[in-house]
Amino acid sequence: MDGDAGWPFVGRARERDRAVLALDATSGSGVLLTGDAGVGKSRLLDEVLDHALRRQRVVLRVTATPGWRDVPFGVLASRLPQPSDANVADVFRDVERRLREVAAGRGVVLGVDDLNWLDDASAALLERLVAGGTVQVVASVRTDALTAAPVAALRRSRSVDRVHVPPLDPDEAALVVREALGGPVDGLTVGALWRISQGNPLFLREALRCGLRDGGLVRRDGMWTWPTESLCPTHLAELIEQTLGTLDPDEAEALQYVAHAEPAPLALIERTIEPRTAERLEERGLIRLVQHGAAVLVQTGHPLYAEVVRNRTGALRARRLRRNLAEAMAAVDGGGEGDLARMVAWRCEADLPVAAADLLAASEYALRRHDPALAERLGRRVDTARGDWQVARALVAQGRGDEADAHLARAAAHLVDPRDRAEATALRALNLFWGCRRPEQAREVLDDGHRDLPAEAHPGLLAAAAGIAAFSGDSGGARACLARLAADPPRDPLLATAVTALHPYLLLFDGQPDRAARMFDSGEVAIPDTWATMRAATQVGHVQSLLMSGRLPEAERLARRYYRDAVDRGAADGVGLLAFARGKCAYHAGQLRRSLRWLHEARTLAGDRTLFPIRVYVLSANAYVAAQLGELDESRRLLRQLVDGHAGDDGQPRGLLAADAELTAAWLAAADGQLATAVATLRELPGRADQASTITVECLHLLSRLEPTAATAERLAQVAAGCDSPLFGLWADYAHALAADDPAALERVGTELEASGYLALGLEAVIAAETASGRRGDHRRANLLARRADLLRERCGGYWPPLRPRPSSRDGLTPRERQICELAATGHDNAAIAAELVLSVRTVENHLQRAYVKLGLRGRAGLAQALGLQRAG
């Protein structure tokens, strides 16, 4: 990554092609590349000049600078033939003559970087050379310098095209980051880099350089990640300070107000900043107006501007700014809860007195509006049980469960309202179970709550009872708790969020994914906003419900949208969860390598602090897909990591997690050739009394593919009939077709799966149909299915289903038939084939006719493709 040479040229194909097209036009005089500072105009200019060199043109390149602005011909002196001491007109004619001599009939292209700094004499010469057709020009200029004299002179030539160079879009920026680092980068890091760069390649490059140099950007398990809170490298700050250093005192203070208040209501800014000053800042792109619903807000023109301004503002000035902002906000008419929260925060930061009730109200507002860090800061200023309750919930929402426990314990002991104490107890139990991974202590806390709290407060404990039961294998107990909660929901938003996520989760595992999907479709289950991890967990439930009910294309679209939402919110757990969902979708769509990439990201982000049981499912899915791709050592490592990190006292996972781990272990055993071990596991798993319907279906589905029998198929059909998923019904049809070795039924299942987007299993079914057709001697049908399977494999990136053996010969041709077909496919006629193989022409014709039948062909057309050959010539 040292210098531009090591920086990938990505995301500029449109602009490069437009510039090249303009340069190659016979009537074109050149191209003017315009854009903001740092967007990559210079690099694009070099790419266009490289194209001119490849077209055998004479290329000259200069960079204009402020230092040469007052030196006549200063910049061009080193690149053009030296002018004589004659008058200007003679100088211009002399340069033109010498350029033509140097060019020797070739075109001349002159590249000028930062055209606006060209000296007057050089600008006049350039205008003359372009107007006379002596040279074509490729020049770059910042958008705010388009009125400079050299630029205006060049633009007077109507045949000079202007190509605007915008910032990179998010996808282009992500590609640049991956190319620059030479490997996968997690979405949270890519999103953070996008936010600080806003697609500016210069900012992006400097951020990456600083991250690598300072150690903030690291590679974990093969995935690049930047786990630190701040992504404003020192050198970037210095670049921005150069821009901010040109502000006058009034502009500088106005920008400080915006930086400390953003996004600020326009009415507030109008009370604190002189209008003309604000207008100048807007014209320079340092602040901008944004529409947020019905409100008009003001914020800095770039996120880094605010961070740099705040960092360079002294403590005393910052106190004064916040005090003034708080006073101005108090005077704004029609302020709501959000404005109160802002005013309270500014008063606190200015060390002004704030009533405890206002602090608690502002903290609650911040918590419900997904700002748990502010909720925590405000809550810590209230030294009461209610303050502990605010701090505790804010810490839980930030994934800091260990820190939250002491605050939760104090709140549960000292809150006045028994229902509040019950809900504090419930959140503490859930936090111990999910966040701290201390299940026995969680159960003790819940039991103590039932013993110590009055009976009328016990409904406040139901959310914890439901959550613990759901992940301990007691889905019936969890459902019973949820039924009672429907009539008496939690008052606390975090507990309410947890309950929301549990509803679809239980339906999914109880074999009712279609019902879960319909709950989302109807709005009966809404995506919560308070707790980022639980929000993402609910979103994953939505994706999974679609995926398991046969609606894969919808699931993929939704997973992409939810993933972007998680990245925007910046929570590692949330991004990891949605990467997991995208990996599951990619797996079913037959994109196993892409699936493993998404699951790798999920594994990187869903670390040890991630709520239980998220990491269990992530590790299990990673091991599952790795086994199917033949990466057996990696699959074993991941499975061992799962068991070691999430086992009970006997060294094994519990409840649904145990079944999930064992299902993955069965896949691994099958992929490793240990078929008997895999089959034994899969026979035993569905018989457990506490087994969820979906896990039972998945076990029987795999068993029916490893050891197809009518009994397994019938059992799968019975369980699937008790579920509401069309996909499960299709799995049962596949099991029956495999058990009967029925090629027509197998082909029909494969067609339905392919039409629904489930290409991995569809490919497997088509290959099974091909094999069954071959066993029945229907070689023509087998070869048609083989070609169809090859097309599906191409769509699946070359994936071969591990449960289907690779046939040594997939076309049923005899060696002699194949030999003759290969000669025919390469252009030999029957007589030439007969002569080469010392056969009669009739024998050649007979062999070809039999081969055409087996291959499903009418003649030689398509023969090369059917044999996997390329035609000669």
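Being a predicted model, the structure only gives us computed values, none of them experimental.

(A) Examining the overall build of the protein chain more closely. A tally of regular secondary structure across the protein chain gives 43 helices and 10 strands. With respect to the principal axes defined by its C-alpha atoms, the protein chain has extents near 105 × 100 × 40 Å. Relative to its full complement of 873 residues, the protein chain shows a buried share of 55%. Across the protein chain, the fraction of contacts at a sequence separation of at least 24, relative to all contacts at a separation of at least 6, is 67%. Of the accessible surface of the protein chain, which amounts to about 37400 Å², a share of 49% is contributed by carbon and sulfur atoms. Each charge class in the protein chain can be summarised by its mean position, and for the 108 positive and 115 negative side chains these summaries are 4 Å apart.

(B) Seen up close, the sheet that holds strand β2 (residues 58–63). In spatial order, the strands read β2-β3-β4-β1-β5; together these five strands make up an open sheet with parallel pairing. In this open sheet, the two strands that pair with only one neighbour each are β2 and β5 (160–164). Adjacent strand axes in the sheet meet at a mean angle of 15° when their direction is disregarded. As paired strands, strand β3 (residues 108–113) and strand β4 (residues 136–142) are joined by four bridges and run parallel to one another.

(C) Spotlight on the nonpolar core. Within the largest apolar cluster, 168 residues are counted, with the highest numbers of intra-cluster contacts made by W434, F471 and L578. When near neighbours in sequence (up to four residues on either side) are disregarded, W434 contacts G467, F471, A498, L502, M534, T610, L611 and F612. If you look at the next biggest cluster of nonpolar residues, it comprises 51 residues, including L181, A207, I240 and L304.

(D) Representation of the packing of helix α37 (residues 743–756) against helix α38 (residues 759–775) within the structure. Two numbers describe how α37 lies on α38: the axes approach to 8 Å, and their chain directions differ by 160°. If you check the angle between α37 and α38, you find them roughly antiparallel. Crossing hand, α37 versus α38: left-handed. Contact with α37, carried on its side by P743, L746, E747, V749, G750, L753 and E754, involves L759, L761, G762, A765, V766, A768, A769, A772 and S773 of α38 and no other residues of that element. Tallied by class, the residues present in the contact of α37 with α38 amount to 11 nonpolar, three polar and two charged.

(E) Representation of the confidence of the model for the protein chain within the structure. Summing up the model confidence of the protein chain, the mean pLDDT is 87 and the portion of residues at 70 or higher is 92%. Note that pLDDT drops below 50 for residues 649–653; the model gives that stretch 10 contacts with residues more than four away or on any other chain.

(F) Molecular detail of unusual backbone geometry. With an omega dihedral of -10°, the bond running from E262 to P263 counts as a cis peptide bond. The topology assignment puts P263 in the loop between α10 (249–261) and β8 (264–265). The backbone of Q56 sits at a positive phi, close to 65°, despite the residue not being glycine. Within the fold, Q56 resides in the loop between α2 (41–54) and β2.

(G) Quick peek at helix α41 (residues 830–837). Residues of α41 that are buried include every one of I833, A834 and L837, and no others. The buried residues of α41 all sit within an arc of 100° when viewed along its axis, so they share a single face. Close packing links the buried residues of α41 with α40 (815–825) and α42 (841–855). Of the residues flanking the end of α41, it is V838, one or two places downstream, whose phi is positive at about 60°.

(H) Summary view of the pairing of strand β10 (residues 295–300). As defined by bridge partners, β8 adjoins β10 across two bridges and the pair is classed as antiparallel. Note that in β10 the partner of A264 across the bridge is V298. Of the strand pairs in this sheet, strand β9 (residues 287–292) and β10 are connected by six bridges, and their pairing is antiparallel. Its bridge partner lying in β10, H292 is registered against A295. In this structure, the hairpin formed by β9 and β10 is closed by a connection of two residues, where G293 is found at a positive phi of approximately 65°.

About the cut-offs
Residues numbered from 1 in each chain as written. Predicted model: local features only at pLDDT ≥ 70, side-chain atom pairs only at ≥ 80, totals over all residues. Heavy atoms only, no water. Helix = DSSP H or I, 4+ residues; strand = E, 2+ residues; numbered from the N terminus. Buried < 20%, exposed > 50% of the residue type's maximum accessible area, 1.4 Å probe, protein only. Contact = heavy atoms within 4.5 Å. Areas by Shrake-Rupley, 256 points an atom, 1.4 Å probe, with all protein chains shown as cover. Lys, Arg positive; Asp, Glu negative; His and termini not counted. Charge placed at Lys NZ, Arg CZ, Asp CG, Glu CD. Pairing = 2+ DSSP bridges. Axes fitted to C-alpha atoms, helices over the stretch in contact; angles between N-to-C directions. Core = buried A, V, L, I, M, F, W, Y, C linked by side-chain atoms within 4.5 Å. Parallel < 35°, antiparallel > 145°, perpendicular 65-115°, else oblique. Left-handed = near helix turned anticlockwise from the far one by under 90°. Nonpolar A, V, L, I, M, F, W, Y, C, P; charged D, E, K, R; others polar. pLDDT = per-residue confidence, 0-100. Arc of directions from axis to C-beta.

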